[in-house]
Amino acid sequence: MISTVRGPVLSIGLDHAVVEVGGVGMAVHATPNTLAGLRRGEEARLWTSLIVREDSLTLYGFAEAEARDLFGLLQTASGVGPRLALATLAVLTPDQLCTALADGNLTVLTQVPGIGKKSAERLILELRDKVGVVAGTTVEPAATVDRGRVRTEVSEALVGLGFSAKQADQSVEAVLSNGGGDLDTSAVLRKALATLGPK
(Lines give C-alpha, C1' and ligand atoms only; values in the text may rest on other atoms or scores of the structure.)
Protein backbone atom coordinates (compact mmCIF):
# COMPACT_ATOMS: atom_id res chain seq x y z
CA MET A 1 0.00 0.00 0.00
CA ILE A 2 1.38 3.41 -0.99
CA SER A 3 0.28 5.76 1.81
CA THR A 4 2.17 8.91 0.83
CA VAL A 5 4.32 10.23 -2.00
CA ARG A 6 6.79 13.08 -1.77
CA GLY A 7 8.93 14.68 -4.43
CA PRO A 8 9.10 17.43 -7.05
CA VAL A 9 5.98 18.02 -9.15
CA LEU A 10 6.86 17.30 -12.80
CA SER A 11 3.51 18.29 -14.33
CA ILE A 12 -0.06 19.19 -13.41
CA GLY A 13 -3.02 18.12 -15.55
CA LEU A 14 -6.77 18.64 -15.33
CA ASP A 15 -7.33 15.74 -12.95
CA HIS A 16 -3.87 14.58 -11.91
CA ALA A 17 -0.29 15.56 -11.19
CA VAL A 18 2.93 13.69 -11.85
CA VAL A 19 5.24 13.55 -8.81
CA GLU A 20 8.77 12.21 -9.08
CA VAL A 21 9.49 9.63 -6.38
CA GLY A 22 12.88 7.96 -6.37
CA GLY A 23 13.44 8.79 -10.03
CA VAL A 24 10.02 7.48 -11.07
CA GLY A 25 7.22 9.82 -12.18
CA MET A 26 4.00 8.76 -10.47
CA ALA A 27 0.63 9.96 -11.83
CA VAL A 28 -1.58 10.91 -8.89
CA HIS A 29 -5.27 11.69 -9.46
CA ALA A 30 -6.58 14.48 -7.24
CA THR A 31 -9.35 17.04 -6.70
CA PRO A 32 -9.10 20.52 -8.27
CA ASN A 33 -8.49 22.03 -4.84
CA THR A 34 -5.58 19.71 -4.13
CA LEU A 35 -4.09 20.33 -7.57
CA ALA A 36 -4.44 24.08 -7.06
CA GLY A 37 -2.08 23.83 -4.09
CA LEU A 38 0.70 22.24 -6.16
CA ARG A 39 3.35 24.08 -8.15
CA ARG A 40 5.39 22.59 -10.98
CA GLY A 41 9.02 22.19 -9.96
CA GLU A 42 8.28 22.45 -6.23
CA GLU A 43 8.28 19.53 -3.81
CA ALA A 44 4.91 18.18 -2.74
CA ARG A 45 3.72 15.60 -0.25
CA LEU A 46 0.39 13.90 -0.83
CA TRP A 47 -1.51 11.34 1.22
CA THR A 48 -2.41 8.58 -1.20
CA SER A 49 -4.66 5.62 -1.82
CA LEU A 50 -3.77 2.95 -4.38
CA ILE A 51 -6.73 1.36 -6.16
CA VAL A 52 -5.89 -2.03 -7.64
CA ARG A 53 -7.93 -3.44 -10.50
CA GLU A 54 -7.27 -6.42 -12.76
CA ASP A 55 -6.16 -4.16 -15.59
CA SER A 56 -4.89 -1.07 -13.76
CA LEU A 57 -3.17 0.47 -10.75
CA THR A 58 -4.47 3.98 -10.01
CA LEU A 59 -3.07 6.30 -7.37
CA TYR A 60 -5.25 9.00 -5.77
CA GLY A 61 -3.70 11.81 -3.74
CA PHE A 62 -4.93 14.28 -1.13
CA ALA A 63 -3.46 17.27 0.70
CA GLU A 64 -4.46 15.83 4.07
CA ALA A 65 -4.77 12.40 5.64
CA GLU A 66 -8.41 12.95 6.66
CA ALA A 67 -9.49 13.46 3.03
CA ARG A 68 -7.63 10.27 2.04
CA ASP A 69 -9.38 8.36 4.84
CA LEU A 70 -12.79 9.70 3.78
CA PHE A 71 -12.03 8.66 0.21
CA GLY A 72 -11.58 5.11 1.45
CA LEU A 73 -14.63 5.26 3.72
CA LEU A 74 -16.91 6.44 0.91
CA GLN A 75 -15.97 3.41 -1.17
CA THR A 76 -17.20 1.05 1.55
CA ALA A 77 -20.73 2.21 0.72
CA SER A 78 -22.57 0.22 -1.93
CA GLY A 79 -22.49 1.79 -5.39
CA VAL A 80 -19.58 4.15 -4.66
CA GLY A 81 -16.34 3.74 -6.62
CA PRO A 82 -13.16 5.84 -6.73
CA ARG A 83 -14.53 8.27 -9.33
CA LEU A 84 -17.64 9.17 -7.32
CA ALA A 85 -15.67 9.28 -4.07
CA LEU A 86 -13.21 11.75 -5.62
CA ALA A 87 -16.07 13.84 -7.06
CA THR A 88 -17.59 14.01 -3.59
CA LEU A 89 -14.36 15.34 -2.11
CA ALA A 90 -14.05 17.81 -5.00
CA VAL A 91 -17.38 19.36 -3.99
CA LEU A 92 -17.37 18.99 -0.20
CA THR A 93 -14.56 19.64 2.29
CA PRO A 94 -13.87 16.84 4.78
CA ASP A 95 -15.63 18.83 7.51
CA GLN A 96 -18.71 19.41 5.36
CA LEU A 97 -18.89 15.76 4.34
CA CYS A 98 -18.52 14.46 7.90
CA THR A 99 -21.15 16.89 9.17
CA ALA A 100 -23.58 16.06 6.36
CA LEU A 101 -23.28 12.32 7.00
CA ALA A 102 -23.57 12.70 10.76
CA ASP A 103 -26.57 15.05 10.52
CA GLY A 104 -28.28 13.18 7.68
CA ASN A 105 -28.22 16.28 5.47
CA LEU A 106 -29.54 15.19 2.06
CA THR A 107 -29.36 18.71 0.62
CA VAL A 108 -25.59 18.92 1.06
CA LEU A 109 -24.88 15.41 -0.21
CA THR A 110 -27.00 15.81 -3.35
CA GLN A 111 -24.84 18.77 -4.44
CA VAL A 112 -22.42 16.12 -5.72
CA PRO A 113 -23.00 15.14 -9.37
CA GLY A 114 -23.97 11.48 -9.42
CA ILE A 115 -25.54 11.47 -5.95
CA GLY A 116 -29.32 11.68 -5.96
CA LYS A 117 -31.70 11.52 -3.01
CA LYS A 118 -31.72 7.71 -2.81
CA SER A 119 -27.93 7.52 -3.07
CA ALA A 120 -27.55 10.16 -0.36
CA GLU A 121 -29.94 8.28 1.92
CA ARG A 122 -27.91 5.10 1.40
CA LEU A 123 -24.66 6.91 2.19
CA ILE A 124 -26.11 8.27 5.41
CA LEU A 125 -27.49 4.89 6.43
CA GLU A 126 -24.23 3.05 5.75
CA LEU A 127 -21.67 5.65 6.86
CA ARG A 128 -23.25 7.72 9.63
CA ASP A 129 -21.89 5.47 12.38
CA LYS A 130 -18.46 5.16 10.74
CA VAL A 131 -17.73 8.80 10.04
CA GLY A 132 -16.44 9.39 13.58
CA VAL A 133 -13.30 7.46 12.59
CA VAL A 134 -12.13 10.45 10.57
CA ALA A 135 -13.56 13.16 12.83
CA GLY A 136 -11.51 16.24 13.54
CA THR A 137 -10.87 17.08 9.90
CA THR A 138 -9.61 20.47 8.81
CA VAL A 139 -10.18 22.55 5.72
CA GLU A 140 -7.28 22.87 3.31
CA PRO A 141 -5.69 26.31 3.66
CA ALA A 142 -6.67 28.60 0.82
CA ALA A 143 -3.91 30.10 -1.27
CA THR A 144 -3.98 33.70 -2.44
CA VAL A 145 -6.87 33.89 -4.85
CA ASP A 146 -6.03 34.31 -8.53
CA ARG A 147 -9.39 34.95 -10.18
CA GLY A 148 -8.27 33.89 -13.66
CA ARG A 149 -6.75 30.66 -12.35
CA VAL A 150 -9.85 29.89 -10.29
CA ARG A 151 -12.10 30.47 -13.32
CA THR A 152 -10.04 28.10 -15.46
CA GLU A 153 -9.69 25.38 -12.82
CA VAL A 154 -13.38 25.35 -11.91
CA SER A 155 -14.51 25.34 -15.54
CA GLU A 156 -12.19 22.42 -16.29
CA ALA A 157 -13.39 20.55 -13.21
CA LEU A 158 -17.05 20.99 -14.22
CA VAL A 159 -16.33 19.71 -17.73
CA GLY A 160 -14.56 16.75 -16.15
CA LEU A 161 -17.69 16.07 -14.08
CA GLY A 162 -19.82 15.89 -17.24
CA PHE A 163 -21.12 19.41 -17.85
CA SER A 164 -20.66 21.13 -21.21
CA ALA A 165 -17.99 23.82 -21.59
CA LYS A 166 -20.72 26.43 -22.13
CA GLN A 167 -22.60 25.40 -18.98
CA ALA A 168 -19.36 25.43 -17.00
CA ASP A 169 -18.23 28.87 -18.18
CA GLN A 170 -21.65 30.43 -17.60
CA SER A 171 -22.03 29.03 -14.08
CA VAL A 172 -18.51 30.06 -13.04
CA GLU A 173 -18.96 33.57 -14.41
CA ALA A 174 -22.27 33.86 -12.54
CA VAL A 175 -20.60 32.92 -9.25
CA LEU A 176 -17.62 35.23 -9.75
CA SER A 177 -19.85 38.13 -10.77
CA ASN A 178 -22.12 37.66 -7.78
CA GLY A 179 -19.67 38.36 -4.97
CA GLY A 180 -17.51 35.28 -5.48
CA GLY A 181 -14.36 37.03 -6.63
CA ASP A 182 -12.51 36.36 -3.35
CA LEU A 183 -13.45 32.68 -3.09
CA ASP A 184 -10.96 29.86 -3.66
CA THR A 185 -11.32 27.10 -6.25
CA SER A 186 -13.20 24.71 -3.95
CA ALA A 187 -15.73 27.33 -2.84
CA VAL A 188 -16.42 28.53 -6.39
CA LEU A 189 -16.81 24.92 -7.55
CA ARG A 190 -19.42 24.22 -4.85
CA LYS A 191 -21.38 27.37 -5.69
CA ALA A 192 -21.21 26.67 -9.44
CA LEU A 193 -22.50 23.13 -8.89
CA ALA A 194 -25.34 24.50 -6.80
CA THR A 195 -26.45 26.68 -9.73
CA LEU A 196 -26.17 23.81 -12.20
CA GLY A 197 -27.90 21.13 -10.14
CA PRO A 198 -27.19 17.38 -10.36
CA LYS A 199 -25.74 16.12 -13.65
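Residues numbered from 1 in each chain as written. Predicted model: local features only at pLDDT ≥ 70, side-chain atom pairs only at ≥ 80, totals over all residues. Heavy atoms only, no water.

## Brief notes about helix α9 (residues 185-196)
Reasoning step 1: Between its first and last C-alpha, α9 extends 16 Å over 12 residues, near the 16 Å set by a 1.5 Å rise per residue.
Reasoning step 2: Taken residue by residue, α9 has Thr 185, Ser 186, Ala 187, Val 188, Leu 189, Arg 190, Ala 192 and Leu 193 as its buried positions. (Helix = DSSP H or I, 4+ residues; strand = E, 2+ residues; numbered from the N terminus. Expected span 1.5 Å × (residues − 1). Buried < 20%, exposed > 50% of the residue type's maximum accessible area, 1.4 Å probe, protein only.)

## Remarks on the pairing of strand β5 (residues 56-62)
Reasoning step 1: Here β5 lies mainly inside the structure; 5 of its 7 residues are buried.
Reasoning step 2: Note: strand β3 (residues 24-29) against β5, 2 bridges, orientation parallel. For Val 28, the partnering residue across the bridge sits in β5 and is Leu 59.
Reasoning step 3: Alignment of strand β4 (residues 43-53) against β5, held across 7 bridges, turns out to be antiparallel. Residue Thr 48 lies in a different strand from β5, and its bridge partner there is Gly 61.
Reasoning step 4: Taking the residues between adjacent antiparallel strands as the criterion, β4 and β5 are bridged by 2 residues. (Pairing = 2+ DSSP bridges.)

## What about the environment of Thr 58?
Reasoning step 1: Within the secondary structure layout, Thr 58 lies in strand β5.
Reasoning step 2: In this structure Thr 58 comes out as buried when scored by relative accessible area, which is 18%.
Reasoning step 3: When the C-alpha atoms of Thr 58 and Val 28 are compared, they prove to be 7.6 Å apart, with 30 residues separating the residues in sequence.
Reasoning step 4: Setting aside its immediate chain neighbours within four residues, Thr 58 contacts His 29, Ser 49, Leu 50 and Ile 51. (Contact = heavy atoms within 4.5 Å.)

## Remarks on the pairing of strand β1 (residues 4-12)
On a regular strand, each side chain points to the face opposite its neighbour's, so the side chains alternate between the two faces of the sheet.
Reasoning step 1: Of the pairings in the sheet, the one linking β1 to β4 comprises 5 bridges and is antiparallel in character. Across the sheet, Val 5 pairs through a bridge with Leu 46, a residue of β4.
Reasoning step 2: Here β1 runs beside strand β2 (residues 16-21); their pairing, made up of 3 bridges, is antiparallel. What sits directly across from Ser 11, in β2, is Val 18.

## Some words on the confidence of the model for the protein chain
Reasoning step 1: Chain-level pLDDT for the protein chain is 84 on average; 88% of the residues reach the 70-or-more range.
Reasoning step 2: Every residue in residues 135-145 scores below 50 in pLDDT, and together they form 22 contacts with partners more than four places removed in sequence or on other chains. (pLDDT = per-residue confidence, 0-100.)

## Digging into the side chain of Ser 155
Reasoning step 1: By the secondary structure assignment, Ser 155 is in helix α7 (residues 147-160).
Reasoning step 2: Given a relative accessible area of 8%, Ser 155 falls into the buried group.
Reasoning step 3: Among the polar contacts made by the side chain of Ser 155, one reaches the main-chain carbonyl oxygen of Arg 151 at a distance of 2.9 Å.
Reasoning step 4: Once you skip the residues sitting within four places of it in the chain, Ser 155 turns out to touch Ala 168, Asp 169 and Val 172. (Polar contact = N/O pair within 3.5 Å; in protein donor to acceptor, adjacent residues only side chain to side chain.)

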